[in-house]
Amino acid sequence: MQTLTMTMPDDFHIHLRDGEYLATTVPHCASYCTRAIVMPNLKAPVINTDLARLYQQRIVDDLSNSQEFQPLMTLYLTEKTDPAEIITAKNSGVVFGIKYYPAGATTHSQAGIFEWQKLRHVFETMQAVDLPLLIHGEVIDPQTDIFDREALFISDVLAPLHQEFPRLRIILEHITTQEAVDFVAAAPNNIAATITVHHLLLNRNDLLAGGVHPHYYCAPILKRVKHQQALIKAAISDTGKFFMGTDSAPHSIETKESSCGCAGIYTAPVALPLYATLFEENNALAKLEKFCSFYGAQFYRLPINQKKITLEKNAWAVPEYYDFGNSHVVPLYANKTIPWRIQK
Ligand code: NCD
Ligand code: ZN
């Protein structure tokens, strides 16, 4: 049987949710990565270091004794964020980034940002103390076509923000377009991007052709195939600017299969095997480790993990669903057979 042993990855963008959901999300996450950047968009957003510390403890409490996992916490930027909080966060050893949600762009983003210009003092402090800014890059103008929101964000928000704060470390999260790839590739080394496995594997036909597929609905929305191809090229490139962030974002089956379904795809149980499948299909299996385990750690200035993980080419059927509180969550590729699995 073909096997692949590599440095244990880090996931630089994940939603673990809270409370009873942690019993599902935390073990899944700890099964393929040693560290993960944990998103702060809880129902009551994680807006300061004290809340991040408490949330981190709840996550760690849900780990089994055999699992080693370090949650890297983020704070949710609001128009009320105080620069003093940025300094507290930086010195905490708990917070590794500040998350910018345009207000209303995605799940639990209502407390986010309308005008970035109001936050100049915050960005200045982040630049001074070197705390990364993690951006959900979509404009929120309801007149803008949903498929154009990322490209417009890059020209109208990200480019001027980067110009004004040229030393600020920025991660453009879950990129979906050729425009995002081009911007990040051309930018200096303090700008990077995460790429999800679903944006590498799928395009908008998967979501919309032959019927609506609610389990492929996410933010930013899947784009056309030429953008998917640009993402694949970026992921297997050797620039060091593109790395793994699954954006695994569970919602219960009822809230996905609904007349107004939630955005988010639960990929944690399948992400690493599917990244391996995608890299192999593109003759780039040798680059998987850099994308999953090196480039992100280097950008976040974290030591490379010592632990190893082994994947084996041994097909398995993805379960139809997993328990999720008192409901269920449907993973990406539920009921499908995938070629790679994590060796126990
Ligand atoms: C995320 C969620 O459900 O929290 N949803 C998603 O579609 N990606 C939020 C986000 O990262 O946009
Ligand atoms: Zn996300």
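That block above? That's the structure.
We now turn to the structure provided with this report. (Residues numbered from 1 in each chain as written. Chains lettered and ligands numbered in written order. Predicted model: local features only at pLDDT ≥ 70, side-chain atom pairs only at ≥ 80, totals over all residues. Heavy atoms only, no water.)

1. Describing the side chain of E138
Tracing the backbone shows E138 in the loop between β6 (133-135) and α5 (149-164). K223 is the oppositely charged side chain nearest to the buried, salt-bridge-free E138, at an N-O distance of 4.9 Å. Side chain to side chain, E138 and H136 meet in a polar contact 2.8 Å long. (Helix = DSSP H or I, 4+ residues; strand = E, 2+ residues; numbered from the N terminus. Buried < 20%, exposed > 50% of the residue type's maximum accessible area, 1.4 Å probe, protein only. Lys, Arg positive; Asp, Glu negative; His and termini not counted. Salt bridge = Lys/Arg side-chain N within 4 Å of Asp/Glu carboxyl O. Polar contact = N/O pair within 3.5 Å; in protein donor to acceptor, adjacent residues only side chain to side chain.)

2. What to know about the sheet that holds strand β1 (residues 3-7)
Ordered by their spatial adjacency, three strands build an open sheet running β1-β10-β13, and the pairing between neighbours is antiparallel. Each edge of the open sheet is held by one strand with a lone partner, namely β1 and β13 (337-342). Each strand axis lies, on average, 30 degrees off the axis of its neighbour in the sheet, ignoring direction. Here β1 runs beside strand β10 (residues 308-317); their pairing, made up of five bridges, is antiparallel. Of the residues in β10, the one forming a bridge with T5 is T310. Each of β1, β10 and β13 touches helix α11 (residues 271-281); the most contacted strand, β13, lies at about 115 degrees to it. (Pairing = 2+ DSSP bridges. Axes fitted to C-alpha atoms, helices over the stretch in contact; angles between N-to-C directions. Contact = heavy atoms within 4.5 Å.)

3. Focus: the sheet that holds strand β7 (residues 170-172)
The eight strands lie next to each other as β2-β3-β4-β5-β6-β7-β8-β9, forming an open sheet whose pairing is parallel. The sheet terminates laterally at β2 (10-14) and β9 (242-244), the two strands that pair on one side only. On average, adjacent strands in this sheet sit at an angle of 30 degrees to one another, irrespective of strand direction. In the sheet, strand β3 (residues 35-38) pairs with strand β4 (residues 70-76) via four bridges, with the strands oriented parallel. If you follow A36 over to β4, its bridge partner there is P71. On top of the sheet, helix α12 (residues 288-300) reaches β2, β3, β5 (95-100), β6, β7, β8 (191-195) and β9; it is set at about 115 degrees to β9, its chief contact.

4. Observations regarding α12
One turn of the α-helix equals 3.6 residues, which is why residues spaced by three or four share an orientation. With 13 residues, α12 should reach 18 Å at 1.5 Å per residue; the first-to-last C-alpha distance of 18 Å fits that figure. For α12, the principal kink sits at F294 and spans about 35 degrees. For α12, the complete set of buried residues consists of L288, F291, C292, S293, Y295, G296, A297, F299 and Y300. Of the residues trailing α12, R301 is marked for its positive phi of about 60 degrees. (Expected span 1.5 Å × (residues − 1). Bend = angle between axes of the 7 residues up to and from the residue.)

5. Considering empty space enclosed by the protein
Tallied over the entire structure, the rule returns three cavities of 30 Å³ or more. Of the voids in this model, the largest cavity is the one considered here, and its volume is about 130 Å³. As for the largest cavity, its lining consists of 18 residues, and the residues nearest its centre are H15, T106, A219, D247 and A249. Of the residues assigned to the lining of the largest cavity, the class counts are six nonpolar, nine polar and three charged. The wall of the second largest cavity is formed by H215, A249, H251, K256, G264, I265, Y266, V329, V330, P331 and L332. Grouping the constituent residues of the lining of the second largest cavity by class yields seven nonpolar, three polar and one charged. (1 Å grid on protein atoms, 1.4 Å probe; cavity = no way out; pocket = protein on both sides within 12 Å on 5 of 7 lines; lining within 4 Å. Points joined across faces, edges and corners; volume = space filled by probe spheres on them. Nonpolar A, V, L, I, M, F, W, Y, C, P; charged D, E, K, R; others polar.)

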